[in-house]
Amino acid sequence: MTERSLENKSDRPTPEVDYRPTSRDYFYLMKFKVTKILLISSLYDAFTLEEEGLLMEQISSEYRDLALSSPPQIVRVSTGEEALEELRQRRYDLVITMSQVVDVDPCELCAQACAIQPDIPVMLLAAGPEEFPVFQSIKDRKGIDKVFYWTGDASLFIAIIKYVEDKVNATADTRIGTVKALLVIEDSPMDYSAFLPVLYTEIMRQTEALIAEGLNEQEKWFRKKSRPKILLAETFDEARELYEKYKKNLLGIITDVTYPRGGRIEEEAGFQFIDEVVDEDIPVLIQSRQSHHRQRADQLGVSFRQKSSETVTQGIRSFLKQHLGFGDFVFLRPDGSEVARVSEITEFVDVIQRVPLESIRYHGHKNDFSRWLLARGETTLALELKPKRVSDFKDDTEMKEYLVAAIRKSQREKRLGIVTEFSRETFEFEETFNRLGGGSLGGKGRGLAFLGQLLHHSNVGRSFQDCRVHLPSTLVIGTDIFDMFMAENGLYDLIAGNVSDAELSTRFSEAKLPEEIRESLRLFLRNVRQPLAVRSSSLLEDSQSQPFAGVYATYMLPNNCDDESLRLDQLCQAVKLVYASTFSEKAKAYTQSVLPGAEEKMAVLVQKLVGRQYGTRFYPIFSGVGQSANFYPVSPLKREDGIVCVALGLGRIVVEGGKVLSFSPAYPAILPGLTTPEEIADSTQSYFYALDLKKTRFDLKEGEETMLEVLQIQDAEGDGTLDYVASTYDINDNRLRDGATSRGPKIVTFAGIRKLGMLPFADVVRELLAIGEKGMGRPIEIEYAGTLAPDGTPEFYVLQIRPLVTLRERQQVIIDKADLDNALISTTDALGNGMLDGIEDVVIVS
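Counting restarts for each chain, with residues numbered from 1 along the sequence as it is written. Selection of residues for local features in this predicted model requires a pLDDT of at least 70, selection of side-chain atom pairs for listing and counting requires 80 or more, and totals for whole chains, interfaces and linings are taken over all residues. Derived side-chain values reflect all non-hydrogen atoms in the structure, with water molecules and hydrogen atoms excluded from consideration.

A. Quick peek at the overall build of the protein chain. What counts as a helix is a DSSP run of H or I of at least four residues, what counts as a strand is a run of E of at least two, and both are numbered from the N terminus. On a plain count of helices and strands, the protein chain comes out with 32 helices and 35 strands. For the protein chain, the proportion of contacts with a sequence separation of at least 24, taken over those separated by at least 6, is 70%. Of the roughly 38,500 Å² of accessible surface on the protein chain, a fraction of 48% belongs to carbon and sulfur atoms. We call two residues contacting when some pair of their heavy atoms lies within 4.5 Å. With residues, only the protein chains shown are counted as cover, and all accessible areas are computed by Shrake-Rupley using a 1.4 Å probe.

Structure representation (structure tokens):
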């Protein structure tokens, strides 16, 4: 006889699900980094480079100021011979050579360097303008990639390094879609050496500001690595090639007027490029020393800056802010007067509802909204808004409503499937998973976070157009807060001794949560007025080897008191009592029996309670547990079809083992083992749990059930929920009639859901179990609840996912012919299998 694990073959179609960690994309960004530079310069040039201080210190300081990662190592040599020997011995990412090298022509040196390390970028640094004529023509540079002019500012080195990284990474990074680019067309080394450092500095600062808006550390890293690239072209033809390659990713263009085209200098190449190549929606800045070009720029409707060292920073910064969306969004009236300004998208939604409609129309005509969003990395939203025109809306009010709805939808979708760091600046609690504090999320929290990823990357949410499938809005208080709470209140000494559960609850209730956590929870409650569930999420919960369900405490809160301080105290008490349940007599005894010596820590989930208010009580239409493996299938049910237990009201009745309805989601019309009305009436639910909303003042130390109300099934007749879950027993005909409209006793059969399809329960559960099992790679168990949204749309919430602990006695047993031939006794009617120890004698009665 052999054993087979529950990961057996299933004949149901496997749903498509691609779990993609949110960190995956940013690992592919900026794969090439300049980490080692070979600098070739004479002793005098080296002295010139470091005239204002050590060059490396200056570069390191610039890196710190711009919040960049570690600066590269710079190795300096004095001669061409030393440089070539270095390149033979070690790998370098970049070569920078001064124009005067002791023993060799710099062009010849660069050619030899590339022969040793092919494709290595080589930059020439000219110490004065008198050296430019030698290298002015691109064809005279041979192995030199670019010529720069050293002015003594270490930020030029930053610009060179970032230019090289952008050139190498641009193709791969822009293919991801969220990375944008800025095209610069300039053939004067003196000019681009002057404004490239300014451009990079402004881009880095914009990126740093956006990093602060990141929802979590992974998104912050992604934003940092997805900063706009700068693409530098020196000729018309090179610029056209870059434009055609990257036009879908371009934020804007900065161009000179006179530069080569087709091998010869073209006096108005910049204007020709705008006329012949550029789409009208792309912002353009014309730069020229000739002031008369301003008139032509005005005719083309593009910006103009007259070149001079005094205006380079101001001119570039103004263009980036006014035309590329960098910095704040400034709401203006048509006459140019300022109405309001915002720095973050969360502010934008609030402010746009207060600004005059004429301002919204003004910016709508100029496409400013999509441009600002694009600069902030909101690519999908920006591309949605870009084709919209003011004329598409019947009036300005409709346009404003569309903008607000589009931004809110985008922000909500962006939060799906990720764990967002809780902060005062970015707090949202609609369909989000927020994290407060560090440490672990705990078993339940970790499972929910993973499930959020699965739902986000699968098509389950789109498979059921008539039902919303999602997680409840959740705030996780990490285990670091538990450690802090225990240490600050001296509670480790308490639990070291023998203490009763009553004393434990009292001492933990009297202890103080860290003040910053209380303030965060106060902010949370100002935004959330719905009933709450405060649930445990310990390190050991959802263990893959031992079940921990029901070991720790869960508290339900009405959260409906007008006194904010009282609501805060109630929430804090619930959190502290969940902490206390970590060390209850039951919890300690169970932990030591299954995992001796294991150290337990507690995270806490604060979730919006699923359900609706019916008079003075609150409960969902259904709640329950689903398993992807049915350990006791009765034909035609199969083990891999799974099994669900479902009840009216809160799920406490399922957890405590009350009478509830069980069936396979693959065969919802079949109730295993129940054939007659009498059997069904005797074996199904007779009471349900609801949250009592009448209580606004209470003491949770009285127990988890303090806020719960036990009701009889007939108590729900006026709520309308029995239409979905009940059948009516016809005494005269001795039969059950589907629905609750007939007169007679009501029996919970879930006929409206199972048989009449009033809610797509079975299909949703079946899909979720399949996705969860595939995602976890093993059988799983989910907790769920369902209700109706205010607009009547069915809503299915997954409250928890965990591995289904497969003890040995639950493994599937395959019995072959040899087993039957050697068996003492056999039957084809046995139900399930198990293990019994201590049997010594077997008596057979024929």
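B. View of the sheet that holds strand β30 (residues 726-730). DSSP calls a pair of strands paired once it identifies at least 2 bridges connecting them. With antiparallel pairing, three strands are arranged side by side in an open sheet as β31-β30-β32. Each end of this open sheet is capped by a strand with a single partner; those strands are β31 (735-738) and β32 (746-748). Across this sheet, the average inter-strand angle for adjacent strands is 40°, counted without regard to direction. Examined bridge by bridge, β30 and β31 share four bridges and lie antiparallel to one another. Within β31, the position partnered with Ser727 by the bridge is Asp738. Interaxial angles span 0 to 180 degrees and are taken between N-to-C directions of axes, which are lines fitted to C-alpha atoms, for helices over the stretch in contact.

C. Up close: the pattern of salt bridges. Any Lys or Arg side-chain nitrogen located within 4 Å of an Asp or Glu carboxyl oxygen qualifies as a salt bridge. Per the stated rule, a full pass over the model turns up 41 salt bridges. As a salt-bridge pair, Glu202 and Arg317 come within 2.9 Å of each other at their nearest N and O atoms. With Glu202 in helix α8 (residues 189-211) and Arg317 in helix α13 (residues 312-323), this residue pair connects regions lying 115 residues apart in the sequence. Exposure is judged per residue with a 1.4 Å probe applied to protein chains only, and the accessible area is read against the type maximum: over 50% gives exposed, under 20% gives buried, and values in between give partly exposed. By relative accessible area, Glu202 is classed as buried at 10%. Owing to a relative accessible area of 31%, Arg317 belongs among the partly exposed residues under this scheme.

D. How the structure looks around the packing of helix α4 (residues 80-89) against helix α5 (residues 106-116). Relative to each other, α4 and α5 sit at 15°, their axes nearing to 9 Å. Compared by their axis directions, α4 and α5 come out roughly parallel. The two elements α4 and α5 meet at a crossing, and its hand is right-handed. On the side of α4, the interface is formed by Gly80, Ala83, Leu84, Leu87 and Arg88, while α5 contributes Leu109, Gln112, Ala113 and Ile116. Roughly parallel covers angles under 35 degrees, roughly antiparallel covers those over 145, roughly perpendicular covers 65 to 115, and oblique covers all other angles. With the far helix as reference, a near helix turned anticlockwise by less than a right angle produces a left-handed crossing, and one turned clockwise produces a right-handed crossing.

E. How the structure looks around unusual backbone geometry. The backbone of Asp119 sits at a positive phi, close to 70°, despite the residue not being glycine. A positive phi is found at Asn367, a non-glycine position, where the angle reads about 60°. Positionally, Asn367 belongs in the loop between α15 (357-365) and α16 (368-375).

F. Structural view of the side chain of Ser664. Along the chain, Ser664 turns up in the loop between β27 (661-663) and α28 (677-683). Among the polar contacts made by the side chain of Ser664, one reaches the main-chain carbonyl oxygen of Gly642 at a distance of 3.4 Å. Look past the residues within four positions of Ser664 in its chain and what remains in contact with it is Leu637, Asp641, Gly642 and Ile643. Definition of a polar contact: a pair of N or O atoms within 3.5 Å, with one able to donate and the other able to accept a hydrogen when the atoms are protein atoms, and with sequence-neighbouring residues admitted only if both atoms are side-chain atoms.

G. Molecular detail of the packing of aromatic side chains. Aromatic contacts are taken between Phe, Tyr and Trp rings whose centres are within 6.5 Å, Trp giving its six-membered ring; a plane angle under 30 degrees counts as stacked, one over 60 as edge-to-face, and the others as tilted. According to the stated counting rule, one finds 28 aromatic pairs in the structure shown. Arranged with centres 5.9 Å apart and planes meeting at 85°, the rings of Phe348 and Phe369 form a pair that is edge-to-face. On the criterion of sequence distance, the pair formed by Phe348 in helix α14 (residues 345-352) and Phe369 in helix α16 is long-range, its members being 21 residues apart. Classification of Phe348 by relative accessible area gives buried; the value is 3%. Looking at Phe369, the relative accessible area reads 6%, which means it is buried. Relative to Trp372, the ring of Phe348 lies with its centre 5.4 Å away and its plane at 20°, an arrangement referred to as stacked. Highlighted residues: Phe348 in helix α14 and Trp372 in helix α16, separated in sequence by 24 residues. Taken individually, Phe348 and Trp372 each receive the classification buried, so the pair is uniform in this respect. Three or more aromatic residues joined by ring pairs make a cluster, and in this case those are Phe329, Phe331, Phe348, Phe369 and Trp372. Over the ring of Phe236 we find Arg261, and its NZ or CZ is 3.8 Å from the ring centre. Over a ring means this: the NZ of a Lys or the CZ of an Arg is within 6 Å of the ring centre and within 35 degrees of the ring normal.

H. Summary view of the nonpolar core. In this text, buried Ala, Val, Leu, Ile, Met, Phe, Trp, Tyr and Cys residues form a nonpolar core when linked through side-chain atoms within 4.5 Å. Counting 86 residues, the largest nonpolar core has Leu199 and Phe331 as the members making the most contacts within it. In terms of residue count, α8 provides more of this core than any other element does, eight residues in total. The contacts of Leu199, once residues within four sequence positions are left out, are Leu182, Val184, Ile230, Ile254, Ile316 and Leu320. Membership of the second largest hydrophobic core comes to 60 residues, among which are Leu504, Leu532, Tyr689 and Leu693.

I. Fine view of the pairing of strand β7 (residues 181-185). Counting buried residues in β7 gives five out of five residues, a clear majority hidden from the surface. Taking every second residue as pointing to the same face, both faces of β7 are buried, with Ala181, Leu183 and Ile185 on one and Leu182 and Val184 on the other. For β7 and strand β8 (residues 229-233), the ladder comprises five bridges, and the chain directions are parallel. Its bridge partner lying in β8, Val184 is registered against Leu232.

J. Up close: the environment of Ser337. By secondary structure assignment, the location of Ser337 is in the loop between β14 (329-332) and β15 (338-342). Distance from Ser337 to Ser359, taken between C-alpha atoms, is 9.8 Å for residues 22 residues apart in sequence. Not counting residues up to four positions away in its chain, the partners in contact with Ser337 are Phe331 and Leu332. Among the polar contacts made by the side chain of Ser337, one reaches the side chain of Asp335 at a distance of 2.7 Å.

K. Molecular detail of the sheet that holds β27. If you trace the six strands from one edge of the open sheet to the other, you get β18-β34-β33-β25-β26-β27, paired in mixed fashion. Each edge of the sheet is formed by a strand with only one pairing partner; in this case those strands are β18 (468-470) and β27. Pairwise comparison of adjacent strand axes, ignoring direction, gives a mean angle of 20° for this sheet. The pairing of strand β26 (residues 643-647) with β27 spans three bridges and is antiparallel. Within β27, the residue paired with Val646 across the bridge is Leu661. Set on the sheet, helix α19 (residues 442-457) makes contact with β18 and β34 (794-803); between it and β34 the angle comes to about 125°. Along the sheet, helix α31 (residues 761-776) makes contact with β18, β25 (622-627), β26, β27, β33 (780-788) and β34, crossing β34 at roughly 30°.

L. Just a nonpolar patch on the surface, in detail. A cluster of nonpolar residues, Leu824, Ile825, Ile839, Val842 and Ile844, forms a patch on the protein surface that exposes about 580 Å² of accessible area. Assessed through its relative accessible area of 62%, Val842 is described here as exposed. Patch criteria: residues need more than 30% relative accessible area and no salt bridge. Like-charged residues are merged within 9 Å; nonpolar side chains of Val, Leu, Ile, Met, Phe, Trp and Tyr are merged within 5 Å.

M. Geometry of the pairing of strand β6 (residues 146-149). Burial along β6 is two-sided: Lys146 and Phe148 facing one way and Val147 and Tyr149 facing the other are all buried. Where strand β5 (residues 122-126) and β6 come together, four bridges link them in parallel fashion. Counted as the bridge partner of Met123 is Lys146 from β6.

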